[in-house]
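So you can see what is in the structure, the chains are spelled out below.
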Amino acid sequence: MVRYFIEVSYKGTKYSGFQVQQNAITIQSEIERALLTCFRESFQLTGASRTDAGVHALQNFFHFDVETDLQLFNFGKSLYSLNSILSDDIVIKRIFPVEEKLNCRFDAVSRHYKYYICQKKNPFYKDIAYFYPYKIDFEKLQEAAKIILCTENFTSFSKRNTQVNNFICSIKKSEWTKEKDLIIYNVIANRFLRGMVRGLVGTMLKVGTEKISLNEFKDVIKSYNCASASFSIPPQGLFLVEVKFNGF
């Protein structure tokens, strides 16, 4: 048995999320369809990071196991064929063999997300940034981001009906930056909970627009209740930027 990783990039606007679902078109279902068409063999894919409907990824991974060594195929030709089958908003960047025990979901050491906010109407940002034309106190956003760096328990920022054993995450980076007319939240952690980044951004925006104070933001964290956080921001501003593994 040989294990392979697939590195993918996609614009999630038209899809019902990353993981395969019944009666829905997802990133996984489209890639499985392309693999079946190309190799005449069905593959059971495991994903590294599940993204919600409308969320994008510059880098994400699947892994799968096969009896046949795919290196017998012409990889350059196979990638061309696979990407010809896929729609323009999904691309397979590479397929490569890894150690049999390497799991793209559980062996990832960090994940990096960005959330993009534009404050001026721009048709080119329609599907890739959240149009939020309200006055924002950037310094307060930054203070809230620093508080997140000192937080371990993110129960308040996890949506209900999630199948996890705990809500502890190790945050390695949490900061806001400005880039031309965009405001961008950068966050890197070993893991993320369901809806966590959007919950963090939505609640921090309440701080930045002075709907809640920094002390009230701390109270949201300490409440361990997702009803205290704000998950109302849309998915299109969210990008999974990078997934890192030991060794590559």
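Just above, that's the structure.
Residues numbered from 1 in each chain as written. Predicted model: local features only at pLDDT ≥ 70, side-chain atom pairs only at ≥ 80, totals over all residues. Heavy atoms only, no water.

(A) Layout of the overall build of the protein chain. A tally of helices and strands in the protein chain yields 5 helices and 9 strands. Mapped from its N terminus to its C terminus, the protein chain presents α and β elements in the order β-α-β-β-α-β-β-β-α-β-β-α-α-β. The C-alpha atoms of the protein chain give a radius of gyration of 19 Å, which matches the 18 Å a tight globule of 248 residues would have. By principal-axis analysis of the C-alpha atoms, the protein chain measures approximately 60 × 40 × 35 Å. Going through the 248 residues of the protein chain one by one, you find that 50% of them count as buried. (Helix = DSSP H or I, 4+ residues; strand = E, 2+ residues; numbered from the N terminus. Rg over C-alpha atoms; globule rule 2.2 N^0.38 Å. Buried < 20%, exposed > 50% of the residue type's maximum accessible area, 1.4 Å probe, protein only.)

(B) Representation of unusual backbone geometry within the structure. For E210, which is not a glycine, the phi torsion comes out positive at approximately 60°. Secondary-structure assignment places E210 in the loop between α4 (196–208) and α5 (214–223). Judged by relative accessible area, which is 54%, E210 ranks as exposed. A positive phi angle, near 50°, is found at Y224, a position not held by glycine. Inspection of the secondary structure assignment puts Y224 in the loop between α5 and β9 (238–245).

(C) Layout of the pattern of salt bridges. The tally for this structure, following the rule as stated, stands at 9 salt bridges. K11 is the salt-bridge partner of D127, the closest N and O atoms lying 3.8 Å from each other. Taken together, the residues span a long stretch of sequence, with D127 in the loop between β5 (108–118) and β6 (130–131) and K11 in the loop between β1 (2–10) and α1 (27–39) at a distance of 116 residues. You can call D127 partly exposed: its relative accessible area is 28%. D52 serves as the salt-bridge partner of R198, at 3.8 Å between the closest nitrogen and oxygen. Taken together, the residues span a long stretch of sequence, with R198 in helix α4 and D52 in the loop between β2 (46–47) and β3 (56–66) at a distance of 146 residues. Relative accessible area serves as the criterion here: at 12%, R198 is assigned to the buried category. You can call D52 partly exposed: its relative accessible area is 31%. (Salt bridge = Lys/Arg side-chain N within 4 Å of Asp/Glu carboxyl O.)

(D) Broad picture of the side chain of H56. The residue H56 is located in strand β3 in this model. Among residues more than four places away in sequence, those in contact with H56 are Y10, K11, G12, T13, D127, I128, Q236, L238, F239 and L240. (Contact = heavy atoms within 4.5 Å.)

(E) Region of the structure containing helix α3 (residues 138–149). A rise of 1.5 Å per residue sets the reference length of α3, with its 12 residues, at 16 Å; its end C-alpha atoms lie 17 Å apart and thus fit the reference within 8%. Every buried residue belonging to α3 is among F138, L141, Q142, A144, A145, I147 and I148, and all of these are buried. Here the buried face of α3 lies against β7 (171–179), β8 (182–189), α4 and α5. The residue sitting at the N-terminus of α3 and contributing the capping side-chain oxygen is D137; that oxygen lies 3.1 Å from the backbone nitrogen of E139. (Expected span 1.5 Å × (residues − 1). Polar contact = N/O pair within 3.5 Å; in protein donor to acceptor, adjacent residues only side chain to side chain.)

(F) Structural view of the nonpolar core. Residues I6, I31, W176, Y185, M204 and F217 are the most contacted members of the largest nonpolar core, which totals 74 residues. In terms of residue count, the dominant contributor to this core is α4 (7 residues). Not counting residues within four places of it along the chain, the set of residues in contact with M204 comprises L141, A144, A145, I148, W176, Y185 and F217. (Core = buried A, V, L, I, M, F, W, Y, C linked by side-chain atoms within 4.5 Å.)

(G) Spotlight on the packing of α4 against α5. Remark: α4 packs on α5, axes separated minimally by 9 Å, with the N-to-C direction vectors making an angle of 160°. In this view, α4 runs roughly antiparallel relative to α5, as classed from their interaxial angle. The element α4 and its partner α5 pack so that their crossing is right-handed. Residues T203, M204 and V207 of α4 lie in contact with α5, whose contacting residues are L214, F217 and V220. Residues belonging to the contact of α4 with α5 are distributed by class as follows: 5 nonpolar, 1 polar and no charged. (Axes fitted to C-alpha atoms, helices over the stretch in contact; angles between N-to-C directions. Parallel < 35°, antiparallel > 145°, perpendicular 65-115°, else oblique. Left-handed = near helix turned anticlockwise from the far one by under 90°. Nonpolar A, V, L, I, M, F, W, Y, C, P; charged D, E, K, R; others polar.)

(H) Fine view of α4. Spanning 13 residues, α4 covers 18 Å between terminal C-alpha atoms, matching the ideal 18 Å at 1.5 Å per step. Burial runs high along α4: 12 of the 13 residues are buried. Phi turns positive, to about 60°, at E210, one or two residues after α4.

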